[in-house]
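A look at the structure
Next come the chains, spelled out residue by residue.
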Amino acid sequence: MEKIDILISGGGIAGLITAAAFGAEGLSVICVDPAPPVMEEGAAGADLRTTAFLAPSVDLLDRIGLWDRLSPFATPLQVMRIVDAGGAQPVPRLIRDFDAAEIGDRPFGWNLPNWLLRREIAARLSQLQTVRFLPGTGTADIVPRDEGPVVTLSDGTRLRPRLLIGADGRNSPVRQALGIGVRTFRYGQKALAFAVTHDVPHQNVSTEVHRSGGPFTLVPLPDRDGKPCSAVVWMESGHETARLAALPPAEFQVALNARSAGVLGQLQQATPLTEWPIISQIADRFAGPRTALIAEAAHVLPPIGAQGLNMSLADLSALVDLMRADPGNADGLRRYDRARRPDVYARLLAIDALNRASQAGARPLRDLRAAALGGLYGIAPVRRLMMRAGLGVS
Ligand SMILES: Cc1cc2nc3c(=O)[nH]c(=O)nc-3n(C[C@H](O)[C@H](O)[C@H](O)COP(=O)(O)OP(=O)(O)OC[C@H]3O[C@@H](n4cnc5c(N)ncnc54)[C@H](O)[C@@H]3O)c2cc1C
């Protein structure tokens, strides 16, 4: 049975970054995933979402030697614009800009396509002698023990890591093997994710348009075919996303432009639609004997305020600090759970409330939402507090 420092179950973006982080610490790392990463935009199964990395996450990516590879492809996010279009007609009736310049001298974050992240992070892993990334191999069996789990991989290899990290998604096999339960909040919602080109330049402004069904978000990307380009996340009830996805292209185009309320002029769909189920979920514990859960294995949030993967990188930052000297130490894992779970839970409740407010269909509720946004925005200290809280800095 091979002994290693760290076994990471799951090579999604969170698992890959985790491998790079512990590998950079000089620890021996194996990262497994039964699904090889799709690393081209046009390939079948490509993840066409983008990830907005907030400033604290970028600092971590820099420390672990990833940011130099990623920064040439990243688009800065200087302003978060909230648009309420919840009146009688689908047009903007309230626009509020949260400008990063008000709280510091850096943008809020930087946006990158997920397929490209997989390509660049996998390339970085291949440079690290400490890391073995095994796409096509999964964790098949986990026997939890106080002295450390025994893990059998799908190719029959047995491993006894000092620390097992579950980064294996919302249905995490590691979490299930440890018998850790979850609390799940359902919204009956899905998100359509795709890219658009548009007439009006985005000027590094990320725009969230609220009417009903959930937010419609445009996140800046580099120009495409000589035209300004943005990533769209369009949240609606599952029935509505199914209807939209089945529309002929010309009718989809009309629906798309009605929902965007014209904030960037005419939008033109530039990539196929991908559909993502939306839930909130939190694990009852983030750690067990010589085992830690991170990212969606520990928490899932609706894509509002770019919290999902950014919280995962906050998990990772804490875990690296507590584990670098002695991976799997029980005291460090207890402290990891105590440090991360309350912060995640507070954010989950806040995002849950924002999502439900954005779903509101009835006019009085939509009017109340607009009034609350206008009122909170108008109080400068509250506005700055909201911006700092969104970034995860005090
Ligand atoms: C539409 C949308 C937009 C988003 N935008 C943002 C954003 O802008 N900013 C942000 O911070 N977050 C965002 N998020 C959230 C972010 O995308 C997720 O937090 C992140 O992708 C989850 O990554 P993960 O690695 O935890 O999970 P996953 O991507 O689900 O990866 C889990 C991996 O585990 C593997 N696995 C499963 N079983 C096994 C096994 N037995 N053994 C080994 N591996 C296994 C799977 O194959 C998979 O590759 C968004 C989410 C959505 C839905």
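Before any of the text, the structure's been laid out above.
1. A word on the overall build of the chain
Check the secondary structure of the chain and you find 11 helices and 20 strands. The C-alpha radius of gyration computed for the chain amounts to 21 Å, which stays within 12% of the reference 21 Å derived for 394 residues, consistent with globular compactness. Overall size of the chain, expressed as C-alpha extent along the three principal axes, is 65 × 40 × 40 Å. The proportion of buried residues among the 394 residues of the chain is 53%. Contacts spanning at least 24 positions in sequence make up 73% of the contacts within the chain whose residues lie at least 6 apart. Approximately 16300 Å² of the chain is accessible, and the part contributed by carbon and sulfur atoms is 54%.

2. So, the site of the ligand
With respect to spatial proximity, 29 residues lie near the ligand, and among them D33, A52, T139, L309 and N310 are the closest. Between the ligand and L309, the relevant distance is 2.7 Å, taken from an oxygen atom to a main-chain nitrogen or oxygen of the residue. When the ligand sits alone it has 1000 Å² of accessible area, and the protein chains cover 85% of it. For the shell around the ligand, the elements supplying multiple residues, two or more each, are helix 1 (13-24), strand 2 (29-33), strand 3 (50-54) and helix 8 (308-323). By residue class, the composition of the shell around the ligand is 14 nonpolar, 11 polar and four charged.

3. Some points on the pattern of salt bridges
All chains considered together, the criterion is met by 24 salt bridges. Notably, a salt bridge pairs R93 with D84, separated by 2.9 Å at the nearest N-O pair. For R170, the salt bridge is made with E296, and the minimal N-O distance between the two is 3.4 Å. Of the two residues, R170 is situated in the loop between strand 11 (158-166) and helix 5 (173-177) and E296 in the loop between strand 19 (291-293) and strand 20 (299-300); the sequence distance between them amounts to 126 residues. Exposure remark for R170: the relative accessible area of 23% places this residue in the partly exposed category. Of the residues examined, E296 reaches a relative accessible area of 30% and is grouped as partly exposed. Counted as one network, the salt bridges with shared partners bring together D84, R93, R363, D367 and R369.

4. Some thoughts on the packing of helix 8 against helix 9 (residues 330-359)
Contact geometry for helix 8 and helix 9: axes closest at 9 Å, N-to-C directions at 165°. When the axis of helix 8 is compared with that of helix 9, the two are roughly antiparallel. Considering the relative orientation of helix 8 and helix 9, their crossing is right-handed. Counted together, M311, A314, D315, A318, L319, L322 and M323 of helix 8 and G332, L333, R335, Y336, R340, V344 and R347 of helix 9 form the full contact between these two elements. Partitioned by chemical class, the residues of the contact of helix 8 with helix 9 number nine nonpolar, one polar and four charged.

5. Section: unusual backbone geometry
Positive phi values are uncommon outside glycine, yet Q203 reaches one of about 50°. As for its position among the elements, Q203 is in the loop between strand 12 (182-198) and strand 13 (205-210). Look at Q203 and you get exposed, because its relative accessible area is 65%. One non-glycine residue, R290, lies in positive phi territory at about 50°. Along the chain, R290 falls in the loop between strand 18 (287-288) and strand 19. With a relative accessible area of 23%, R290 lands in the partly exposed category.

6. Points about the environment of A370
Note that A370 resides in helix 10 (residues 363-378). When sequence neighbours within four positions are dropped, the list of residues in contact with A370 reads D84, R93 and L94.

7. Details of the packing of aromatic side chains
The full count for this structure, using the stated rule, is four aromatic pairs. Summarising the aromatic geometry, the rings of F194 and F252 are spaced 5.7 Å apart at their centres and angled 65° between planes, so their arrangement reads as edge-to-face. One end of the pair, F194, is in strand 12; the other, F252, is in helix 7 (residues 249-259), and 58 residues separate them in sequence. Note on accessibility: F194 and F252 belong to one class, buried. Three or more aromatic residues joined by ring pairs make a cluster, and in this case those are F194, F216, W234 and F252. Over the ring of F73 we find R119; its NZ or CZ atom is 5.5 Å from the centre of that ring. The ring centre of Y345 lies 5.6 Å from the NZ or CZ of R341, which sits over that ring.

8. Regarding the nonpolar core
Among the nonpolar cores identified, the biggest contains 80 residues, and I17, F22, F53, L319 and Y336 are the most heavily contacted of them. Excluding its chain neighbours within four sequence positions, the residues that come into contact with I17 are F53, L61, I64, L66, I121, L313 and L316. Counting 18 residues, the second largest nonpolar core, distinct from the first, contains V83, V209, F252 and L267.

9. Examining the packing of helix 10 against helix 11 (residues 380-391)
Running from amino to carboxyl end, helix 10 crosses helix 11 at an angle of 100°, the nearest separation of the two axes being 5 Å. With respect to helix 11, the axis of helix 10 lies roughly perpendicular. Where helix 10 abuts helix 11, its residues L376, Y377 and G378 lie against A380, V382, R383 and M386. Residue composition of the contact of helix 10 with helix 11, by class: five nonpolar, one polar and one charged.

Conventions we followed
Residues numbered from 1 in each chain as written. Predicted model: local features only at pLDDT ≥ 70, side-chain atom pairs only at ≥ 80, totals over all residues. Heavy atoms only, no water. Helix = DSSP H or I, 4+ residues; strand = E, 2+ residues; numbered from the N terminus. Rg over C-alpha atoms; globule rule 2.2 N^0.38 Å. Buried < 20%, exposed > 50% of the residue type's maximum accessible area, 1.4 Å probe, protein only. Contact = heavy atoms within 4.5 Å. Areas by Shrake-Rupley, 256 points an atom, 1.4 Å probe, with all protein chains shown as cover. Near = heavy atom within 4 Å. Polar contact = N/O pair within 3.5 Å; in protein donor to acceptor, adjacent residues only side chain to side chain. Nonpolar A, V, L, I, M, F, W, Y, C, P; charged D, E, K, R; others polar. Salt bridge = Lys/Arg side-chain N within 4 Å of Asp/Glu carboxyl O. Axes fitted to C-alpha atoms, helices over the stretch in contact; angles between N-to-C directions. Parallel < 35°, antiparallel > 145°, perpendicular 65-115°, else oblique. Left-handed = near helix turned anticlockwise from the far one by under 90°. Phe/Tyr/Trp six-rings, centres within 6.5 Å; stacked < 30°, edge-to-face > 60°. Lys NZ or Arg CZ within 6 Å of the ring centre and 35° of its normal. Core = buried A, V, L, I, M, F, W, Y, C linked by side-chain atoms within 4.5 Å.

Interpretation note: all reported values are geometric properties and have no functional meaning in isolation.
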